[in-house]
Amino acid sequence: MVTAALNAVGFCAHYSPQGDWAFDYALDLSRRHRIQLNVFHFLTDPYDPEAVPPTYLSGPELSRLAVERERELRMYYDERAGDYLEVGFRLCEDTEWLE
């Protein structure tokens, strides 16, 4: 017999009421199972073929944008996570795997 098990929950950040609802659900799931919640954010929407990646930025400008976006991500969702410490954050900067 095969038993399914969760060892982490992945959440793609979306700053919207729907995204807040989805985060609350992912956080609740993580808490109930006492597992890691990984919060991801993409600089460019990987599912939008019209999205323009920030290729016009390079070097320090791109680094500065990445730092700003990661700070926004952490501040927004860290506050929503409250006292739950098993939360990781990752800013996805590459565009190699666009749909």
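It should be noted that the structure appears before, not after, this text.
Values in this document were obtained by computation on a predicted structure and should not be read as measured data.

Novice: Just to check I follow, could you spell out the side chain of His41 for this structure?
Specialist: As for its placement among the helices and strands, His41 is situated in strand β2 (residues 36-42). Leave out the neighbours within four places in its chain, and His41 touches Ala13, Tyr15, Leu73, Arg90, Leu91 and Cys92.

Novice: Would you mind showing me how to read the sheet that holds strand β3 (residues 87-92) here?
Specialist: Whenever strands of a sheet pair, they do so through backbone hydrogen bonds, lying parallel or antiparallel. Read from one edge of the open sheet, three strands run β1-β2-β3, paired in parallel fashion. Edge strands, defined here as strands with exactly one partner in the open sheet, are β1 (8-12) and β3. Looking at each pair of strands side by side, their axes are set apart by 20 degrees on average, direction ignored. Against the sheet, helix α1 (residues 17-33) makes contact with β1 and β2, and its axis sits at roughly 170 degrees relative to β1, the strand it touches most.

Novice: Help me understand the pairing of β1 in this model?
Specialist: Moving residue by residue along a regular strand, the side chains alternate between the two faces of the sheet. Because side chains alternate across β1, one face comprises the buried residues Val9 and Phe11, and the other comprises Ala8, Gly10 and Cys12, none of which is buried. Here β1 pairs with β2 via five bridges, running parallel. Its bridge partner lying in β2, Ala8 is registered against Gln36. Handedness of the crossover joining β1 and β2 through α1: right-handed.

Novice: What's the story with the packing of aromatic side chains in this structure? I'm lost.
Specialist: Applying the stated criterion across every chain yields a total of seven aromatic pairs. Taking 5.4 Å as the distance between ring centres and 70 degrees as the angle between the ring planes, the aromatic pair formed by Phe11 and Phe23 counts as edge-to-face. Taken together, the residues span a long stretch of sequence, with Phe11 in strand β1 and Phe23 in helix α1 at a distance of twelve residues. Judged by centre distance (6.1 Å) and plane angle (10 degrees), the rings of Trp21 and Tyr25 are stacked.

Novice: Please clarify how the nonpolar core should be interpreted in this entry.
Specialist: Of all hydrophobic cores here, the largest spans 16 residues; its most connected members are Phe11, Phe23, Leu37, Val39, Tyr77 and Val87. Counting only elements with at least two residues in this core, the list comes to β1, α1, β2, α2 (60-81) and β3. In terms of residue count, the dominant contributor to this core is α1 (four residues). Discounting residues that sit within four places of it in the chain, Leu37 has contacts with Val9, Phe11, Phe23, Ala26, Leu27, Ser30, Glu86, Val87 and Gly88.

Rules of the game
- Residues numbered from 1 in each chain as written.
- Predicted model: local features only at pLDDT ≥ 70, side-chain atom pairs only at ≥ 80, totals over all residues.
- Heavy atoms only, no water.
- Helix = DSSP H or I, 4+ residues; strand = E, 2+ residues; numbered from the N terminus.
- Contact = heavy atoms within 4.5 Å.
- Pairing = 2+ DSSP bridges.
- Axes fitted to C-alpha atoms, helices over the stretch in contact; angles between N-to-C directions.
- Buried < 20%, exposed > 50% of the residue type's maximum accessible area, 1.4 Å probe, protein only.
- Right-handed = clockwise from strand over helix to strand, strands pointing away.
- Phe/Tyr/Trp six-rings, centres within 6.5 Å; stacked < 30°, edge-to-face > 60°.
- Core = buried A, V, L, I, M, F, W, Y, C linked by side-chain atoms within 4.5 Å.

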